[in-house]
Amino acid sequence: MNLISEEPGRVPTAAEEDRFWLLVEEAWARLGPEPAALRRELLTRDLDEEDEEPYAVEEWLDPFLDCLRTASGELSRQDLVDLDRVLERKLYEIDREDIQQVTDGSDDGFLYCRGFIVALGHEYYTAVKRDPRFAVLDAECENMCYFFGHLHQERFGEWPQTGSGISRESNSNVAGWAS
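Parameters at a glance
Residues numbered from 1 in each chain as written. Predicted model: local features only at pLDDT ≥ 70, side-chain atom pairs only at ≥ 80, totals over all residues. Heavy atoms only, no water. Helix = DSSP H or I, 4+ residues; strand = E, 2+ residues; numbered from the N terminus. Rg over C-alpha atoms; globule rule 2.2 N^0.38 Å. Contact = heavy atoms within 4.5 Å. Lys, Arg positive; Asp, Glu negative; His and termini not counted. Charge placed at Lys NZ, Arg CZ, Asp CG, Glu CD. Phe/Tyr/Trp six-rings, centres within 6.5 Å; stacked < 30°, edge-to-face > 60°. Buried < 20%, exposed > 50% of the residue type's maximum accessible area, 1.4 Å probe, protein only. Lys NZ or Arg CZ within 6 Å of the ring centre and 35° of its normal. Salt bridge = Lys/Arg side-chain N within 4 Å of Asp/Glu carboxyl O. Patch = residues over 30% accessible without salt bridge, like charges linked within 9 Å, V, L, I, M, F, W, Y side chains within 5 Å. Areas by Shrake-Rupley, 256 points an atom, 1.4 Å probe, with all protein chains shown as cover.

A. Main features of the overall build of the protein. On a plain count of helices and strands, the protein comes out with 9 helices and 0 strands. When the helices and strands of the protein are listed from N to C terminus, the series reads α-α-α-α-α-α-α-α-α. Relative to a compact globule of 179 residues, whose C-alpha radius of gyration would be 16 Å, the protein shows 16 Å and is just as compact. Summarising its shape, the C-alpha atoms of the protein cover approximately 45 × 45 × 25 Å along the three principal directions. The long-range share in the protein, meaning contacts at least 24 apart out of those at least 6 apart in sequence, stands at 81%. Here the protein carries 18 positive and 40 negative side-chain charges, and the mean point of each set is 8 Å from the other.

Written as structure tokens, this is what we have:
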């Protein structure tokens, strides 16, 4: 695990972030129109009304992760480190009290909720980052939280060292927590 630091070290490049989101979107695209429609519904729902079925997309998370694993199967050691660095940065950026108030959950539960937010793709991630009301109460994707780290460990026998100096764990982004 990475150590917590207020001064982040290695920050992902724009190209690394683009590659990360492209892999995520390609994995979703392989699943067809139904999950695409469900993801779109989360972005277009009326935030002032209670949504009856915000969790329908959850049944697609395991197939999505399978597609992401397949798409990442031939990536190099450095590619996986770079993607893990992007993932931890994205989780860190939304480690905020205002988002936790919508998603609820313990420290681990909030991490898994952030995994769900990242797993749903760049557009959803950006919407939640801008307006936490787009988040969904207790929607989780634990396996996304360390996805590229686990792939790296499986293929190369060691945990990737991202050099970021940040942690993806809940409450580690000091700027995201007012109290």
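B. Representation of the packing of aromatic side chains. Applying the stated criterion to the full structure yields 8 aromatic pairs. Ring geometry for phenylalanine 110 against tryptophan 177: centres 6.0 Å apart, planes inclined by 85 degrees, an arrangement best described as edge-to-face. Taken as a pair, phenylalanine 110 in helix H6 (residues 107-119) and tryptophan 177 in the segment after helix H9 (147-156) lie far apart in primary sequence, 67 residues in all. The exposure classification of phenylalanine 110 matches that of tryptophan 177, with both residues buried. Aromatic rings pair up to connect Phe20, Trp21, Tyr125, Phe147 and Phe148 into one cluster. Looking at arginine 114, its charged tip hangs above the ring of phenylalanine 110, at a distance of 4.8 Å from the centre.

C. Representation of unusual backbone geometry in the model. Not every positive phi belongs to a glycine, and aspartate 138 is a case in point at roughly 60 degrees. Tracing the sequence through the fold places aspartate 138 in the loop between helix H7 (122-130) and helix H8 (142-145). Owing to a relative accessible area of 37%, aspartate 138 belongs among the partly exposed residues under this scheme. Positive phi is not limited to glycine here, since asparagine 171 has a value of about 70 degrees. As for its position among the elements, asparagine 171 is in the segment after H9.

D. Representation of H9 in the model. Taken together, the buried positions of H9 are Phe147, Phe148, Gly149, Leu151 and His152. As for H9, its buried residues are in contact with helix H1 (14-29), helix H3 (61-71), helix H4 (77-93) and H8. Remark: glycine 157 follows H9 within two positions and exhibits a positive phi of approximately 75 degrees.

E. How the structure looks around the side chain of arginine 96. For arginine 96, the position within the fold is in the loop between H4 and helix H5 (97-103). When near neighbours in sequence (up to four residues on either side) are disregarded, arginine 96 contacts Phe110, Val128, Lys129, Pro132, Gly176 and Trp177.

F. Examining the pattern of salt bridges more closely. According to the stated counting rule, one finds 16 salt bridges in the structure shown. Lysine 129 is paired through a salt bridge with glutamate 93; the nearest N and O atoms lie 3.2 Å apart. With lysine 129 in helix H7 and glutamate 93 in helix H4, this residue pair connects regions lying 36 residues apart in the sequence. The class of glutamate 93 is partly exposed, set by a relative accessible area of 21%. The network of salt bridges with shared partners includes Arg10, Glu16, Asp82 and Arg85.

G. Structural context of the side chain of lysine 90. Assignment of secondary structure puts lysine 90 in helix H4. For lysine 90, a relative accessible area of 5% gives the class buried. Setting aside chain neighbours within four positions, we find lysine 90 in contact with Glu17, Trp21, Val118 and Tyr125.

H. Looking closely at a negative patch on the surface. Together, Asp104, Asp107, Asp108, Asp138, Glu140 and Glu142 line one region of the surface with negative charge. Assignment of secondary structure puts aspartate 108 in helix H6. Judged by its relative accessible area of 41%, aspartate 108 falls in the partly exposed class.

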